[in-house]
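These are the residues of each chain, in order.
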Amino acid sequence: MADNATHHYISSFFLVGIPGLQDFHCWIGIPVCLLFSLTLLGNSIIIITIKLEPSLHQPMYFFLGMLAMNDMALASSTAPKMLGIFWLDAHWIDFDICLAQLYFIHTFCIIESALLVAMAFDRYVAICIPLQYTTLLTTTMVMKMGLASVVRAIFLVLPCPFLIRRLPYYTKYVINHAYCEHMAVVKLASANTHVNRTYGISVAFSVMVLDLGLIATSYLKILQAVFRLSSQHARSKALGTCAAHVCTILVSYTPALFSFLTHRIGKKVPPSVHIIFASLYLLVPPTVNPLVYGVKTKQIRDRVIGLFFPNKKISEN
């Protein structure tokens, strides 16, 4: 493939998987398969429960349903190829398919971030201005917020594959990663990639700063409102409604921040560590989110128990 490299573009990339741990790929595939299976099962249960239970037809649960669908899409864009690498030695990936995977991964990540912002806004309205909750967060408004999350992600990520498409790829075709990640693909180009790098970092940084800023602002307002309550029980109840969302934020953003920083400034971090964290960032939150909401949210927990164990008495606590 590298022969006559000065005259021919490469047509495929070789995904290494996890550099340095190739001998353990067969074993690494087991937790990846388990996480993927749990993601599909857990999020499917969340979606079905919300759909079948009329009492859950509220903005908070509509956003949760959107998050569950996005989590399934995010995991499905990465896990099958990773399992192909780990278990079937299917390392090669077509150039255009690689760009498509890259596009969908980053699009779903940005949608995820936007949905977390929407859910923070939902909690802000519910706790800080509860009398306006039903008038502000109508079903139409929820749908518009969900659509805005998708549209923003589509247009922010859309330039990335086109910017990569204009670059010449002659000699380098080995991607030291388990999936097609933007910067990992850009680095292989046989040309100046300043525009690609600048745009990629700008999008990632702006999305993270804006979304985390909005989430932080919402929770500062929530804390101010909660601590103005005179009853300790009321405080605990108000904060309890936010517990699942806070857990989801921590699970989603912690590995994302680590992956972002190590990829750009962590020169001494071993590649295997970076790739493991980058993979966890895509596989763990989609798996954990339905578990967190299933355990922390009484309405969902009770409905799931009711669906699977109809004869079991639901706890009143």
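What counts, and at which threshold
- Residues numbered from 1 in each chain as written.
- Predicted model: local features only at pLDDT ≥ 70, side-chain atom pairs only at ≥ 80, totals over all residues.
- Heavy atoms only, no water.
- UniProt positions renumbered as here; feature names shortened; annotations may be inferred.
- Disulfide = S-S within 2.5 Å.
- Helix = DSSP H or I, 4+ residues; strand = E, 2+ residues; numbered from the N terminus.
- Buried < 20%, exposed > 50% of the residue type's maximum accessible area, 1.4 Å probe, protein only.
- Expected span 1.5 Å × (residues − 1).
- Arc of directions from axis to C-beta.
- Contact = heavy atoms within 4.5 Å.

You'll find the chain entered in an unreviewed UniProt entry as Olfactory receptor, with Bos mutus grunniens given as the organism. The heading Sequence similarities (unreviewed entry) in the UniProt record of the chain holds the text "Belongs to the G-protein coupled receptor 1 family."

Counted by the stated rule, this structure contains one disulfide. What pairs with Cys98 in a disulfide is Cys180, and their sulfur atoms sit 2.0 Å apart. Its torsion about the S-S bond being -120 degrees, the disulfide of Cys98 and Cys180 is classed as left-handed. Of this pair, Cys98 sits in helix α4 (residues 95–128) while Cys180 sits in the loop between β3 (174–175) and α8 (182–186), placing them 82 residues apart in sequence. Given the relative accessible area of 0%, Cys98 is considered buried. Here Cys109 is not cross-linked by a disulfide; its sulfur's nearest cysteine counterpart is in Cys160, at 12 Å. A relative accessible area of 12% means that Cys109 is categorised as buried.

Take helix α6 (residues 139–157) next. For α6, with 19 residues, the first-to-last C-alpha span of 28 Å sits near the 27 Å given by 1.5 Å per residue. Here α6 has its buried residues at Val142, Met145, Gly146, Ser149, Ala153 and Val157. Angular distribution of buried residues about the axis of α6 spans 95 degrees; they occupy a single face of the element. What points out from α6, more than 90 degrees from its buried face, is the exposed set Lys144, Leu147 and Phe155. Of the surrounding secondary structure, the elements contacted by the buried residues of α6 are α2 (59–76), α4 and α7 (159–165).

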